[in-house]
Amino acid sequence: LELELALRNALHAGEFVPYFQPIVRMDDRSTLGYEALIRWQHPVRGLLGPGEFLPVAEESGLIEAIDWHMYRLACTAGAPLVAKGGFISINISPRHFQYEDFDQRLLELLRETGFAPERLRIEVTEGTLLGDPDAVARILERLQAAGVSAALDDFGTGYSSLSYVHRFPLKKIKIDRSFIRDLGQENAQRSLAIIHAVLSLARSLDMSVVAEGVETEAQRQALLEIGCQRAQGFLFGRPQPAAYWLEPDGKA
Ligand code: G
Ligand code: G
Ligand code: NA
Ligand code: MN
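Here's a quick rundown of the structure.

Definitions and limits used
Starting afresh in each chain, residues are numbered from 1 along the sequence in its written order. Chains carry letters and ligands carry numbers; both start at the beginning, A for chains and 1 for ligands, and go up in the order they are written. Residues qualify for local features only when their pLDDT is at least 70, as the model is predicted, and side-chain atom pairs are given and counted only at 80 or more; totals for whole chains, interfaces and linings, by contrast, use all residues. Helix and strand definitions follow DSSP, with helices as H or I runs of at least four residues and strands as E runs of at least two, each counted in order from the N terminus. To get the radius of gyration, use the C-alpha atoms; to get the globule rule, take the number of residues to the power 0.38 and multiply by 2.2 Å. Exposure classification rests on a simple neighbour count of other C-beta atoms within 10 Å of a residue's own: a residue reaching 20 or more is buried, one at 12 or fewer is exposed, and one in between is partly exposed. C-beta atoms are placed from the backbone. All residues are tested the same way: a C-beta atom is placed from the backbone, and lying within 6 Å of a molecule or strand makes the residue near it. Any residue outside Ala, Val, Leu, Ile, Met, Phe, Trp, Tyr, Cys, Pro, Asp, Glu, Lys and Arg is labelled polar, Gly included; the first ten of those are nonpolar and the last four are charged. Paired strands, as defined in this entry, are two strands with at least two bridges between them according to DSSP. Think of a nonpolar core as buried Ala, Val, Leu, Ile, Met, Phe, Trp, Tyr and Cys residues chained together by C-beta atoms that fall within 7 Å. Residue pairs qualify as contacts under a 7 Å threshold applied to their C-beta atoms, which are placed from the backbone.

**As for the overall build of the chain**
Secondary structure summary: the chain contains 11 helices and 9 strands in total. Expected size for 252 residues packed as a compact globule is a radius of gyration near 18 Å; at 18 Å, the chain falls within 12% of this value. For the chain, the residues scored as buried account for 37% of the 252 residues in total.

Here's what the structure looks like:
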């Protein structure tokens, strides 16, 4: 309850801010877009990641208001990052899909901020798809029709198959970083086989794959060898404030 009150205060004090992490093409390391990741700029404790407050924000329902605040900032602070192309990706709490007009509200926000729908991507988790599949599919379909694409986050951590996932308008699959962690090590074979299978099935279903959590050159090489082109991870860039990527030696 204490944290819940603190979160409410932090929201009103503007202490939640987006950091941006590049998603890249691994062959030439060019940036395809950025994922907006929430951070709490705590006045005493410093910069806090989602692990420290997201569970309470979800349980209490505060995540809804926090997310809307984040989406607005992701659009305004993120706009200069995609001025020359690429996308900004935002994380959608499963809670939003209980509102049939979620897509309308999101499109309204894009109109208000002048952010092009084609430059926005949304990330949903497997758990979201299991809630009310028909309602989720309808919302995702209307967003796609308006130009907003959707990605499945953390694929492989839940129990859904790609054939189930394929019923939804999801064009991107993000392979969870637990599979990438093993690459370039002795027990790489199992994860490599799984990633390879996901890649080939995704390709046949006209979906594209992003590898999460790429930290080493060995992992990059292993992924490129099996035909995985896109990735996100510390090897290419940590989550940073938008201004970092706009600096003369930045990438935007
Ligand atoms: O850095 P990282 O610890 O930033 O993020 C952990 C998880 O928190 C991510 O996998 C993502 O699903 C979630 N997350 C990050 N930013 C947001 C956000 O703005 N809203 C929601 N709902 N989840 C987020
Ligand atoms: O949405 P999701 O949970 O996938 O968010 C990505 C999370 O993974 C964020 O918390 C981000 O800070 C973290 N992350 C991004 N790149 C790396 C990486 O290369 N290694 C590790 N360990 N974590 C990463
Ligand atoms: Na995400
Ligand atoms: Mn993820």
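Additional details are given in the paragraphs that follow.
**Looking at unusual backbone geometry**
You will see that Arg 29, though not glycine, has its phi angle at about 60 degrees, which is positive. Along the polypeptide, Arg 29 turns up in the loop between β1 (16-25) and β2 (31-42). For Asp 154, which is not glycine, the phi dihedral falls at a positive 55 degrees. Along the chain, the position of Asp 154 falls in strand β6 (residues 149-155).

**A word on the site of ligand 2**
In the vicinity of ligand 2 there are 14 residues, among which Asp 153, Gly 213, Glu 215, Gly 233 and Phe 234 approach most closely. Across the shell around ligand 2, the residue classes break down as 4 nonpolar, 5 polar and 5 charged.

**A few points about the site of ligand 1**
The full set close to ligand 1 counts 13 residues, and Leu 37, Ile 38, Pro 50, Asn 91 and Ser 93 are the nearest of them. Those elements giving two or more residues to the shell around ligand 1 turn out to be β2 and α3 (63-78). Counting residues per element, the shell around ligand 1 draws most heavily on α3, which supplies 3 residues. Residues belonging to the shell around ligand 1 are distributed by class as follows: 7 nonpolar, 4 polar and 2 charged.

**Here we look at the pairing of β2**
Bridge count for β1 against β2 is 9 bridges, and the pairing is antiparallel. Counterpart to Phe 20 in the pairing with β2 is Ala 36. Taking the residues that link successive antiparallel strands as the turn, the β1-β2 hairpin has 5 residues, and the phi of Arg 29 there is positive, at about 60 degrees. Judged from the 3 bridges that link them, β2 and strand β4 (residues 87-91) form a sheet pairing that is parallel. Residue Glu 35 lies in a different strand from β4, and its bridge partner there is Ser 89. Alignment of β2 against strand β3 (residues 46-48), held across 3 bridges, turns out to be antiparallel.

**A few points about the environment of Ala 197**
Following the sequence through the fold, Ala 197 ends up in helix α9 (residues 188-204). Here the alpha-carbon distance between Ala 197 and Ile 226, two residues 29 residues apart in the chain, equals 9.9 Å.

**Observations concerning the nonpolar core**
Ranked by size, the top nonpolar core spans 66 residues in total, and within it Ile 88, Ile 175, Val 209 and Ala 211 carry the most contacts. Counting residues per element, this core draws most heavily on α3, which supplies 6 residues. Those residues in contact with Val 209 that sit more than four places away from it in its chain are Ile 173, Ile 175, Val 198, Leu 199, Ala 202, Cys 228 and Arg 230.

**Side note on the environment of Lys 84**
Relative to the elements of secondary structure, Lys 84 occurs in the loop between α3 and β4. The exposure class of Lys 84 is exposed, given the 8 C-beta atoms found within 10 Å. Residues Lys 84 and Ala 252, 168 residues apart in the sequence, show an inter-C-alpha distance of 7.8 Å.

**Some details on the environment of Ala 252**
As for its placement among the helices and strands, Ala 252 is situated in the segment after α11 (242-246). In this structure Ala 252 comes out as buried when scored by C-beta crowding, with 20 C-beta atoms within 10 Å. Residues Ala 252 and Ser 60 lie 192 residues apart in sequence; the distance between their C-alpha atoms is 36 Å.

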